[in-house]
Amino acid sequence: MILSIESSCDDSSLALTSIQECKLVFHQKISQDSYHSRYGGVVPEIASRLHAQQLPQILQELKNFLDGNLEAIKAIAITTEPGLSVSLIEGLMMAKALALALNLPLLSINHLKGHIYSLFINQKTIISPLSILLVSGGHTMILEMSHSQIQIIAKSLDDSFGESFDKASKMLGLGYPGGPIIQELAHDAPSLYTLPIPLQHSKELAFSFSGLKNAFRLKTQEKDYHPNALAKAFQESAIAHIYQRCKLYFQHKQSQNQSIQHFAIVGGASANLALRDKMHQLCQDYQATLLLSPLEFCSDNAAMIGRAGVESYLKGEFASLYELDISPRTTQF
């Protein structure tokens, strides 16, 4: 089995994944949302201290699950990039200590690649080629994967899709993470506002949420505004922007006589149900199959790192115990 560790931001998580069957054998995650909610976002120092407490707790549960028999573990997969450096280092130190104590090889896993492999948890077959929309608290990208090679096609010029929801929630005086809060407020809310759709008349294959965020901020400064209706308008504009940019991508591929057979949405913000519905409509229009991660594996988790780790293990992509370090700002694959 592969023992995987995820600590790139504010979720502490460990998992065990079968190498032969790619089955998830053990998975545990402790969320820090309640600690960061009062601040409207992740506080790195708090996240780091909580990882130092929570990762050993989960490790003890894993050891109990295995009755102390760790011989079945053949390698340790650890998230090393991108993420908060003070969070990444907590997981890396645990991984190095375990690798040294158990004489096991290390597998360095890109966090964003892990999100892609969340599509294939408990599955042996990897679908390729694959076009991917990655939407999370830190990234908004269109990616292409072929034979495990990943290329960035488009990305945000400023805020990410998930980050814009967090900031909208904070402007309403509500908690973190903002995605579920805005989605809940928007549900069955009246249509009272219209907010701009970013880059609506641009042919540039890119994303931007700063203008929408500012328009939302100005609405919150109006007297007696309706928070639920404003949340609905924000969600509708943000999703319309994603839809239009992805439609532009489909049209671009079509103009090159390159059909898209499989299109996936991954990342924490891919749990947004309205976004899923809109992208399902787009894929139907272009006869593409939409792939979605189970809701429980959309946010950061060690199960996706373990599934990516299996692929790295089978290819012999091992990292040096003494040279492996973190790369907090990397978005290359």
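Cut-offs and rules
Residues numbered from 1 in each chain as written. Predicted model: local features only at pLDDT ≥ 70, side-chain atom pairs only at ≥ 80, totals over all residues. Heavy atoms only, no water. Helix = DSSP H or I, 4+ residues; strand = E, 2+ residues; numbered from the N terminus. Rg over C-alpha atoms; globule rule 2.2 N^0.38 Å. Contact = heavy atoms within 4.5 Å. Areas by Shrake-Rupley, 256 points an atom, 1.4 Å probe, with all protein chains shown as cover. 1 Å grid on protein atoms, 1.4 Å probe; cavity = no way out; pocket = protein on both sides within 12 Å on 5 of 7 lines; lining within 4 Å. Points joined across faces, edges and corners; volume = space filled by probe spheres on them. Nonpolar A, V, L, I, M, F, W, Y, C, P; charged D, E, K, R; others polar. Domains from an automatic or database assignment. Buried area = accessible area lost by both parts, 1.4 Å probe. Axes fitted to C-alpha atoms, helices over the stretch in contact; angles between N-to-C directions. Parallel < 35°, antiparallel > 145°, perpendicular 65-115°, else oblique. Left-handed = near helix turned anticlockwise from the far one by under 90°. Expected span 1.5 Å × (residues − 1). Buried < 20%, exposed > 50% of the residue type's maximum accessible area, 1.4 Å probe, protein only. Arc of directions from axis to C-beta. Phe/Tyr/Trp six-rings, centres within 6.5 Å; stacked < 30°, edge-to-face > 60°. Disulfide = S-S within 2.5 Å.

*Asks:* Explanation requested: the overall build of the protein in the structure shown.
*Replies:* Per the secondary structure count, the protein includes ten helices and ten strands. The C-alpha atoms of the protein give 20 Å as radius of gyration, which agrees with the globular expectation for 333 residues (20 Å, within 12%). Projecting the C-alpha coordinates of the protein onto the three principal axes gives extents of approximately 60 × 50 × 30 Å. Excluding contacts between residues fewer than 6 apart, the proportion of contacts in the protein whose partners are at least 24 apart in sequence is 73%. Approximately 14,800 Å² of the protein is accessible, and the part contributed by carbon and sulfur atoms is 49%.

*Asks:* I'm lost on empty space enclosed by the protein in this one. Help?
*Replies:* Unoccupied space between atoms shows up once a probe the size of one water molecule is rolled over them. A complete count under the given rule lists one cavity of 30 Å³ or more for this structure. Space inside the largest cavity adds up to approximately 30 Å³. Contributing to the lining of the largest cavity are Leu3, Leu59, Leu62, Leu70, Ile73, Leu98 and Leu102. For the lining of the largest cavity, a count of residues per class yields seven nonpolar, no polar and no charged.

*Asks:* Just checking my understanding: could you explain the domain arrangement of the protein for this structure?
*Replies:* You'll often see interface size given as the accessible area lost when the parts meet. Taken as a whole, the protein is organised into domain 1 (2–121 + 297–319) and domain 2 (130–292). Inter-centroid distance (C-alpha atoms) of domain 1 to domain 2 is 27 Å. Between domain 1 and domain 2, the contact holds 20 residues from the first and 23 residues from the second. Interface of domain 1 and domain 2: buried area, both sides summed, is about 1,600 Å²; carbon and sulfur atoms make up 72% of it. In terms of surface lost to domain 2, no three residues of domain 1 exceed Ile116, Leu119 and Cys298, which account for 35% of the buried area on that side.

*Asks:* Can you walk me through the packing of helix 8 (residues 227–255) against helix 9 (residues 273–285) in this structure?
*Replies:* Helix packing for two helices is described by the angle between their axes and how far apart those axes are. The N-to-C vectors of helix 8 and helix 9 enclose an angle of 25°; their axes lie 10 Å apart at closest approach. With respect to each other, helix 8 and helix 9 are oriented roughly parallel. The handedness of the crossing between helix 8 and helix 9 comes out as right-handed. Residues Gln235, Ile239, Ile242, Tyr243, Cys246, Lys247 and Phe250 of helix 8 touch helix 9, and the partners they reach there are Ala274, Leu275, Lys278, Met279, Gln281, Leu282, Cys283 and Asp285. Grouping the constituent residues of the contact of helix 8 with helix 9 by class yields ten nonpolar, two polar and three charged.

*Asks:* Before we go on, may I ask you to explain helix 9 in this structure?
*Replies:* An α-helical segment advances 3.6 residues per turn. Residues three or four places apart therefore align on the same side. With 13 residues, helix 9 should reach 18 Å at 1.5 Å per residue; the first-to-last C-alpha distance of 19 Å fits that figure. Buried within helix 9 are the following residues: Leu275, Arg276, Met279, Leu282 and Cys283. Along helix 9, the residues classed as buried sweep out an arc of 125° about the axis, all on the same side. Facing away from the buried side of helix 9, by more than 90 degrees, are the exposed residues Asp277 and Gln284.

*Asks:* Can you help me understand the environment of Gln183 in this one?
*Replies:* Within the fold, Gln183 resides in helix 6 (residues 178–186). Judged by its relative accessible area of 23%, Gln183 is partly exposed. Sequence-wise, Gln183 and His36 are 147 residues apart; in three dimensions their C-alpha atoms are separated by 19 Å. Setting aside residues no more than four positions away along its own chain, Gln183 makes contact with Gln235, Ala271, Asn272, Leu273 and Ala274.

*Asks:* Honestly, the packing of aromatic side chains in this entry has me stumped. Any pointers?
*Replies:* For any two aromatic rings, the description comes down to two numbers: the centre-to-centre distance and the angle of the planes. Throughout the structure, instances matching the rule amount to ten aromatic pairs. Between Phe26 and Phe65, the aromatic rings sit 5.3 Å apart at their centres with planes inclined by 45°, giving tilted as the arrangement. Here Phe26 is found in strand 3 (residues 24–31), whereas its partner Phe65 is found in helix 2 (residues 44–65), with 39 residues between them in sequence. Exposure remark for Phe26: the relative accessible area of 10% places this residue in the buried category. Looking at Phe65, the relative accessible area reads 42%, which means it is partly exposed. Here the aromatic rings of Phe250 and Phe263 are separated by 5.2 Å at their centres, their planes lie at 50°, and the arrangement is tilted.

*Asks:* Just to check I follow, could you spell out the state of the cysteines for this structure?
*Replies:* Cysteine pairs can be linked by a disulfide, which is a covalent bond between their two sulfur atoms. Applying the stated criterion to the full structure yields zero disulfides. Not engaged in a disulfide, the cysteine Cys298 finds its nearest cysteine sulfur in Cys283; these two sulfurs lie 15 Å apart. Since its relative accessible area comes to 1%, Cys298 is described here as buried.

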